[in-house]
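Commentary on secondary and tertiary structure
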Amino acid sequence: MSHVDEGTLHAYLDGELSPPERATVEAHLAECASCRATLAEERALLERASALLGAARPVERPAPPFEQLRRESKRSPWRVRRSIAWAASIVLAVGLGYSLRGSAREESPEAADKFALYDRRDAAAEQNQAARSAARRPAPAADEAARQREASGVVATVAPTPTADARADSPATAEAMHLDAVVVTNRAAANAGAAAPAPQVRSTLTEWPIITRSAARSLLGTDPVGLPGLATRRIRRSPGTDRTVIVEQAVDSATVIQIIQRPTSANLFDSSARGGYAFGEAERQRTDRLARFVGRLRVEIKGPVSLDSLNRLLEQVAPLP
Amino acid sequence: MPDDIAEVYRSTYGALVRFLYRKVWDQGRAEDLAQEAFARALVHRPENTRGWLFVVAANMARDEARRAAREKRHLTLLKSEPDAVHSSPEDEIDAETRTRHVRAALDELTPRDREALLLWDAGMSYDEIATQTGLARGAIGTTLARARRRLVEAYDAREGGQHVARG
């Protein structure tokens, strides 16, 4: 054979040649002084390079206990496989509060098998995803039910579960959930009930009709804005004359974000009109409601997630495609 | 079946920290990133945990490097530091200086050569390096040969008083 090239020599020295290749190389080396000399040089080079890299190595410190790592991974936003990182962070924010409440129970250090816990959590995350995609499909029966309730004056934005039956033919629930509280549903509602004061019921928001996208467009004079990539659950308009529109979007099956918007041309302080939306209240009252301008719209955002998450969501708001 | 991550953790953590250290040049940061990579592996449960970890680690280190580059800290520091040690014999050069020179020498490699070398040093096989870098398996030997040669030459150029890093 011809001389052995340096790449093959390095593979040979690295022990990465297949047995037949190795045999061939060794047969040649046995006969070729030139290649043996080259091999010696390459070996010296290789050892030198290894030594240099070895000189630039970190101090060997013991790995932290694996258990600690598992605990940390629960806090990682990567728990939820979402291409949209910010959405994942929202889900995390919601899920974290949930899991923290459950953690006292689930996370005793003696828990025999924490992997089992992970499996359950993963399963829960997958269920959430399934629910999310299911939620993107229209649920006509449920919407119809909602409309009927609205017609009867009981507003009720119902639990955004993907199935209609869960939306409860439970009048008590429906009555308790005014639009303002729509965001607090399902497990979020359970959390809120357990840990936070009940959401303020605001009578001004109880009669907001559901409208179509194009109706929203003509009210606003421009495309309604929302969070790209999230399913729009419904769009509502102010019962007043203030041209306020609310886009409701689902972050996951139990978390709805409201994006409240109004043309800047409308008088911001004209919300005294019956049922109008009091813009600017964010600054005055509620820290969980943030505002910005998007194009020609003034936009506020609300939802049962952390202030930080809302802020991040608000940054993402753009005209809906 | 996904690998047993706990087992991979025990066998690979050190190598992953080393791999990351040669990219971010900060021990604490390298450890943080390694732990983060394992934490993500716990969530994703990749089929090939080890390979996956190095891919994720490389990505994290790259993001880290971009951030660092934006902040323009390390490079500026590195370049402004005088090579005051050219008269010292190698065994008198303190470890910190040597590390700095190795780092600078590594920086002179092409990204692909450097990646192959660091992966090899982290204990990866040629097959794994090929998968990781997209190089043909048959090209790994040549790549490593070139990377090693350049590393040694670039380092010796520094030690030998030819201050190529000043340029």
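No experiment lies behind these values; they were computed from the predicted model shown.

Okay, the overall build of chain A next. The number of helices and strands found in chain A is 12 helices and 8 strands. Scored against the burial criterion, the 321 residues of chain A give a buried share of 34%. Pairs at least 24 apart in sequence give 58% of the contacts found in chain A among residues at least 6 apart.

Facing 33 residues of chain B, the contacting portion of chain A comprises 30 residues. Of all elements in the fold, only α1 (5–24), α2 (27–44), α5 (95–107) and α8 (140–159) of chain B reach the threshold of two or more residues within the side of chain B that touches chain A. In terms of residues, the side of chain B that touches chain A owes the most to one element, α8 of chain B, which gives 9 residues. A per-class count over the side of chain B that touches chain A returns 18 nonpolar, 7 polar and 8 charged.

Another aspect to go through is helix α6 (residues 111–121) of chain B. Side chains that are three or four residues apart share a direction in an α-helix, a result of its 3.6 residues per turn. Of all the positions in α6 of chain B, only Asp113, Glu115, Ala116, Leu117, Leu118, Leu119 and Trp120 of chain B are classed as buried. Taken from the residues just after α6 of chain B, Gly123 of chain B is the one with a positive phi, measuring 100°.

Attention shifts here to the nonpolar core. One finds Leu16, Leu20, Ala34, Ala37, Ala57 and Leu151 of chain B to be the most contacted residues of the largest nonpolar core, which totals 57 residues. Element by element, the count of residues in this core is highest for α1 of chain B, at 9 residues. In terms of nonpolar packing, the next biggest core, distinct from the first, is built from 25 residues, Trp208, Ala216, Leu227 and Val317 of chain A among them.

We now examine the packing of helix α3 (residues 33–55) of chain A against α8 of chain B. Their axes nearest at 9 Å, the elements α3 of chain A and α8 of chain B cross at an angle of 65°. In terms of their interaxial angle, α3 of chain A and α8 of chain B are classed as roughly perpendicular. As α3 of chain A runs across α8 of chain B, the sense of the crossing is left-handed. Contacts between α3 of chain A and α8 of chain B involve Glu42, Leu45, Leu46, Arg48, Ala49 and Leu52 of chain A from the first element and Ala145, Arg148, Arg149, Leu151, Val152 and Tyr155 of chain B from the second.

Criteria and thresholds
Residues numbered from 1 in each chain as written. Chains lettered and ligands numbered in written order. Predicted model: local features only at pLDDT ≥ 70, side-chain atom pairs only at ≥ 80, totals over all residues. Helix = DSSP H or I, 4+ residues; strand = E, 2+ residues; numbered from the N terminus. Buried ≥ 20, exposed ≤ 12 C-beta atoms within 10 Å, placed from the backbone. Contact = placed C-beta atoms within 7 Å. Nonpolar A, V, L, I, M, F, W, Y, C, P; charged D, E, K, R; others polar. Core = buried A, V, L, I, M, F, W, Y, C linked by C-beta atoms within 7 Å. Axes fitted to C-alpha atoms, helices over the stretch in contact; angles between N-to-C directions. Parallel < 35°, antiparallel > 145°, perpendicular 65-115°, else oblique. Left-handed = near helix turned anticlockwise from the far one by under 90°.

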